[in-house]
Structure formats: structure tokens, C-alpha cells
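Report on the structure
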Amino acid sequence: MSSAVDLAPQELRVLVAVAEEGGFSAAAVRLGTTQSGVSHAVRGIERKVGVVLFARGRFGARPTAAGARAVAHARRVLRMLETLVREARDTSTGEIAGPLRIAAFRSAALHLLPPVLERLSARHPGIEATVTVVREIGPGTAGEVAEGRADLGIAGLGTSSPIPPQLVGDVLLEEPYALVHPAGHPDPRSLPLVDWRENCSSYTRQWWAAQDWIPAATVRAEDDGAVLSMVGSGLGMAIMPALSLTMAPPGTEITDLGPERPTRRVGYVTTPELAATAAVRALVRELRASTKPQVSGG
């Protein structure tokens, strides 16, 4: 019986293509081969692995639970093969180069990453960084890394969203929440609450539950930028973390919530194998340098 270790890189590319394209025909177009060739390859892979990786039907081909795990591993293995070649070349030239895929939630992408990437580019112009904005709902940015779609994720870390066991990472900063409301309002705490789905953690929610002045949200927005726009238009008040308030729009005012205010820990996550690569190490150094003055001692 064949072993899964016999899988070739091209077979891994077939797995990824079928999963991402949703069927054998579309995967064949992407790979420049035929549908029968892709179908034959998938059957061969399933024989080697010993489980069904795709459910077939009129809808196309969808990964089974085992298939989803296999595809995630396939992406990560293919990424490490790319890294093997890149780092071998970089060693001979003394440079750090190649793609660097970053997943970040919106406020981190807007306010944390730009100066970090500017310094990274100045020191290592060969690094080609790309940033994908991912909502911190469900798997969030950590899920992008675990699935092999990103090399490093900027994530909210806490009791309700710990670092997944298959990943490594660390806290970069701890940002306080504050009250944001229409400027000059005589009693901002009397206003309706504007909120968005990503604005949550178990610690924050426990704090909210203990505040009898905070009503249930009556206005919900898609993201923190929309929340600020609504607050600036006088539609209510909001409780938001510092990164989201970095460039609060005109017409808003920020009020400290006091010493018992909730906080959000923001950190990075990556895979153990990518953590050792030169490009990820360089990015982590710049992230740490950028956030060092803000790191909490707790």
C-alpha cells in the first residue's frame, strides 16, 4: 500500500486547486490540464491517504472534514517548499526577499501595519508584503494562518480567542477601550449604543454586563469605521478599542472609561515552521519595535 509520504508537490497543488475552485473542471482550467486528469489525480491521492477527501455531486467537489485538514496542510507544505528555495537563494546573496502574506483585522491594517511595513521595506526591499483584511469573527486572522492562506496574522488574543494550539505567537500591545460620542454632548452615556460584531471578547463583555448605564445595542454597523461614522453623525455612542480610535473623525469626542476600563490584547500568530523563516522574523522584529513602548507589564 502506498504511503501518504509519497505525495508529490503537484498532487498537493491539485488538492488546493480543487478545494479553492470548488470542482474538478475549474481546477483543471487553473492547472492547465483536463478534468479527467484532475479526477484521476484526486482518486490517487485518496488511495494514498486512505480517506475520502472530497464529496462529489452536482454542486461540484467540496472538501470533507478530512479533506479540509489535508488542504490546509497542503497549502502550508507548498509554502515551505517555496520558502526552502527562497531562503537558499537569500543565503547566497545575503538578502531577505520574496512574498510575505499578512492577515490583519481592519484597524490593525489601517493604523498598526503601515509604519511597520514602511520600515520593513526600507530595510529589506526584496520582501513583497501583501495584507488581507479579515474580520475577527470565527476563525479570524488566526484561521487564515492555520489554513495556510497567510504567513502571519495580527489577531486579538484573549481568553475567548487564545492562540490556536497548532500556531505560535505573542502579545504585541494591550489597548484600552474608551467611550466615543458626539462632541459636546451634555450626557453621552444617555445615548443609544452603536456596536459591531467584531467588538467583543469575554473580558469586555463581562465588563459591559457590570455597567448598568450601557444599554443593549440598538444600532449595529458592519465594521468599526462605520461605527465611528454613525457616532460622528450623532446617532449614538460607542465603546471602542484604541486602534479603532486612532483617527476618530471630526464631530466625535473620546472619553476615558477610568482605571477599570476593559482592554484588548493584540498580537501576532504564525506557524512554527514559518516562525523560523527570515521574512517572518524580520516582520516580527519591526512589530515589536513599533509596539514596545505600549506593551503592558501585566
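So, here's what we can say about the structure. (Residues numbered from 1 in each chain as written. Predicted model: local features only at pLDDT ≥ 70, side-chain atom pairs only at ≥ 80, totals over all residues. Heavy atoms only, no water.)

Bringing the environment of aspartate 223 into the picture now. Positionally, aspartate 223 belongs in the loop between strand E8 (217-221) and helix H8 (224-232). A relative accessible area of 23% means that aspartate 223 is categorised as partly exposed. Along the chain, aspartate 223 and aspartate 151 lie 72 residues apart, while their C-alpha atoms are 24 Å from each other. Polar side-chain contacts of aspartate 223 include one of 2.9 Å to the backbone nitrogen of alanine 226. (Helix = DSSP H or I, 4+ residues; strand = E, 2+ residues; numbered from the N terminus. Buried < 20%, exposed > 50% of the residue type's maximum accessible area, 1.4 Å probe, protein only. Polar contact = N/O pair within 3.5 Å; in protein donor to acceptor, adjacent residues only side chain to side chain.)

For the pair helix H1 (residues 9-21) and helix H2 (residues 24-31), the least separation of the axes is 8 Å and the interaxial angle reads 125 degrees. The pairing of H1 with H2 is recorded here as oblique in orientation. Considering the relative orientation of H1 and H2, their crossing is right-handed. Contact with H1, carried on its side by Gln10, Arg13, Val14, Val16, Ala17, Val18, Glu20 and Glu21, involves Phe24, Ala26, Ala27, Arg30 and Leu31 of H2 and no other residues of that element. Partitioning the contact of H1 with H2 into residue classes produces eight nonpolar, one polar and four charged. (Axes fitted to C-alpha atoms, helices over the stretch in contact; angles between N-to-C directions. Parallel < 35°, antiparallel > 145°, perpendicular 65-115°, else oblique. Left-handed = near helix turned anticlockwise from the far one by under 90°. Contact = heavy atoms within 4.5 Å. Nonpolar A, V, L, I, M, F, W, Y, C, P; charged D, E, K, R; others polar.)

We now examine helix H10 (residues 278-291). End to end, H10 covers 20 Å across 14 residues, agreeing with the expected 20 Å (1.5 Å per residue, within 8%). Along H10, the positions that sit buried rather than exposed are Ala278, Ala279, Val280, Ala282, Leu283, Val284, Glu286, Leu287 and Thr291. (Expected span 1.5 Å × (residues − 1).)

Looking now at the nonpolar core. Membership of the largest hydrophobic core comes to 28 residues, with the highest contact counts inside it found for Leu100, Leu152, Ile154, Leu283 and Leu287. Elements represented by at least two residues in this core include exactly strand E3 (98-104), helix H5 (106-123), strand E5 (152-157), strand E6 (168-182), strand E11 (263-270) and H10. If we skip the residues at most four places from it in the chain, leucine 283 touches Leu100, Ile102, Val116, Leu117, Leu120 and Leu152. If you look at the next biggest cluster of nonpolar residues, it comprises 19 residues, including Val14, Ala41, Ile45 and Leu53. (Core = buried A, V, L, I, M, F, W, Y, C linked by side-chain atoms within 4.5 Å.)

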